[in-house]
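Commentary on secondary and tertiary structure
Each chain is listed here by its residues.
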Amino acid sequence: MQILHFAPNAAPVPMTDLPLPVTDGYAWVDLDRDRAQGWVERLQVAVDPQHLSDSLNAVHPSFFDGTPDYDMLILAGLGPGDVALPLCTRTAAFFIFERLLVTVRAGDAPSFILTHARLADGRLPAPASPLDLAHQILDAMVDRFLAVRDPLDLHVNQMQDDLLDPDNGINDWRKLLEGRREVRRLEALCTNQLEAVDAFRRGTRAPWSPEQSVGFRDLTEHIGRVLAHASNLERDLEAAVQLHFAVATERTNRVVQTLTVISAIFFPLTLITGIYGMNFDHMPELGWRLGYFGLLGLLAAIGLGLLLLFKRRGYF
């Protein structure tokens, strides 16, 4: 548990315990989900049991619910690391009281670690209210989605190039399908985020200032940009999958066409050799001294002639 007290016109002060209720400024209680059991009793606040259960669920989708005493928002963000795929998500719960912000999140949630560091070194001015602080954290979470767009583009483009390049020996189209599944997951993640933030804007218990409304509209716009980018990537991946199957079909057609040409060349040759392989007593050509060499020449001429004919017509 990390506790920061935000007094008016002062830098945040770390605390080991929190005297409640907070009368001077507000406080931020940041909880590691793995060690968050019993936080309601420790802080002596009234929280709906279902909301408490939801906050401890590490895979809960983005969600908002309001009560007369607090607003509860759950948002799914990205985990640590810069690997584009597969997506690694971390869910965080925000309980926004009048003078208290309680967050329940994974211990390695990068946006929270960054916010603590920026508050500690003064790069982030002390927010004026729990809502403003929540917005700062949410903004950091969404910015990570914006930052992952370029690595995601590079990863997807590399998969497409590897799949469609006939010289690299890679034709595992299942990797591309897995990439498409992850992009769809990102799209669904952003859709849930938009719905939760929009419900937060419409259903919050306290009126927002114009600046706060603008800030959350910007947050919604950023999520929408990631959603649009994910939709474009999904279309690109779908086109790449279809193109892969088209290329595979074309390669198969070429093989079949080559085999057909070979069969067409050898068919008359086989017919002639079959005729002269029959065991009849009266076959005049069998007594011809140059018959064997003449037949070989005829077979060679027919084969070469058919080969040139098919080559001229572009069959191979």
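Residues numbered from 1 in each chain as written. Predicted model: local features only at pLDDT ≥ 70, side-chain atom pairs only at ≥ 80, totals over all residues. Heavy atoms only, no water.

Along the backbone of the protein there are 8 helices and 7 strands. The C-alpha radius of gyration computed for the protein amounts to 35 Å, which surpasses the reference 20 Å derived for 316 residues by more than 25%, pointing to a less compact arrangement than a globule. For the protein, the spread of C-alpha atoms along the three principal axes comes to 120 × 35 × 35 Å. Of all 316 residues assigned to the protein, the portion counted as buried reaches 40%. Split by element, the accessible area of the protein, about 17,900 Å² in all, is 57% carbon and sulfur. Counting 28 positive and 39 negative side-chain charges, the protein places the averaged centre of each group 7 Å from the other. (Helix = DSSP H or I, 4+ residues; strand = E, 2+ residues; numbered from the N terminus. Rg over C-alpha atoms; globule rule 2.2 N^0.38 Å. Buried < 20%, exposed > 50% of the residue type's maximum accessible area, 1.4 Å probe, protein only. Areas by Shrake-Rupley, 256 points an atom, 1.4 Å probe, with all protein chains shown as cover. Lys, Arg positive; Asp, Glu negative; His and termini not counted. Charge placed at Lys NZ, Arg CZ, Asp CG, Glu CD.)

With respect to burial, strand E3 (residues 26-32) is a largely interior element, 7 of its 7 residues being buried. On E3, burial covers both faces: Tyr26, Trp28, Asp30 and Asp32 on one face and Ala27, Val29 and Leu31 on the other are all buried. Bridge count for strand E1 (residues 2-6) against E3 is 5 bridges, and the pairing is antiparallel. Within the sheet, the bridge partner assigned to Phe6 lies in E3 and is Tyr26. (Pairing = 2+ DSSP bridges.)

Attention now moves to the sheet that holds strand E5 (residues 71-78). Ordered by their spatial adjacency, 7 strands build an open sheet running E2-E1-E3-E7-E6-E5-E4, and the pairing between neighbours is mixed. Looking at which strands have only one partner, the edges of the open sheet turn out to be strand E2 (13-15) and strand E4 (63-66). On average, adjacent strands in this sheet sit at an angle of 20° to one another, irrespective of strand direction. Pairing of strand E6 (residues 89-96) with strand E7 (residues 100-105) involves 4 bridges; the strand directions are antiparallel. Bridge pairing in E7 links Phe94 to Thr103. Strands E1, E3, E5, E6 and E7 of the sheet are contacted by helix H3 (residues 110-121), whose axis makes an angle of about 140° with E3. Against the sheet, helix H4 (residues 130-147) touches E1, E3, E5, E6 and E7, its axis set at about 25° to E5. (Axes fitted to C-alpha atoms, helices over the stretch in contact; angles between N-to-C directions. Contact = heavy atoms within 4.5 Å.)

Looking now at the pattern of salt bridges. Per the counting criterion, the structure on display carries 8 salt bridges. Between Arg184 and Glu234 there is a salt bridge, and its shortest N-O distance comes to 2.8 Å. Of this pair, Arg184 sits in helix H6 (residues 173-203) while Glu234 sits in helix H7 (residues 210-275), placing them 50 residues apart in sequence. Overall, Arg184 belongs to the partly exposed group, its relative accessible area being 42%. What makes Glu234 buried here is its relative accessible area of 17%. Between Asp198 and Arg202 there is a salt bridge, with its nearest N and O atoms 2.9 Å apart. With Asp198 and Arg202 both in helix H6, this residue pair falls 4 residues apart, about one helical turn. For Arg202, a relative accessible area of 63% translates into the label exposed. (Salt bridge = Lys/Arg side-chain N within 4 Å of Asp/Glu carboxyl O.)

In this section: unusual backbone geometry. Trans peptide bonds make up the majority, and among non-glycine residues the majority have a negative phi. Residues other than glycine seldom take positive phi values, yet Asn9 does so here, at roughly 60°. Overall, the relative accessible area of 87% leaves Asn9 in the exposed class. Residue Gln44 is not a glycine yet carries a positive backbone phi of 55°. Along the chain, the position of Gln44 falls in the loop between helix H1 (39-43) and helix H2 (49-55).

Looking now at the state of the cysteines. For the coordinates displayed, the defined rule picks out 0 disulfides. Left without a disulfide partner, Cys88 is nearest to the cysteine sulfur of Cys190, which lies 15 Å away. (Disulfide = S-S within 2.5 Å.)

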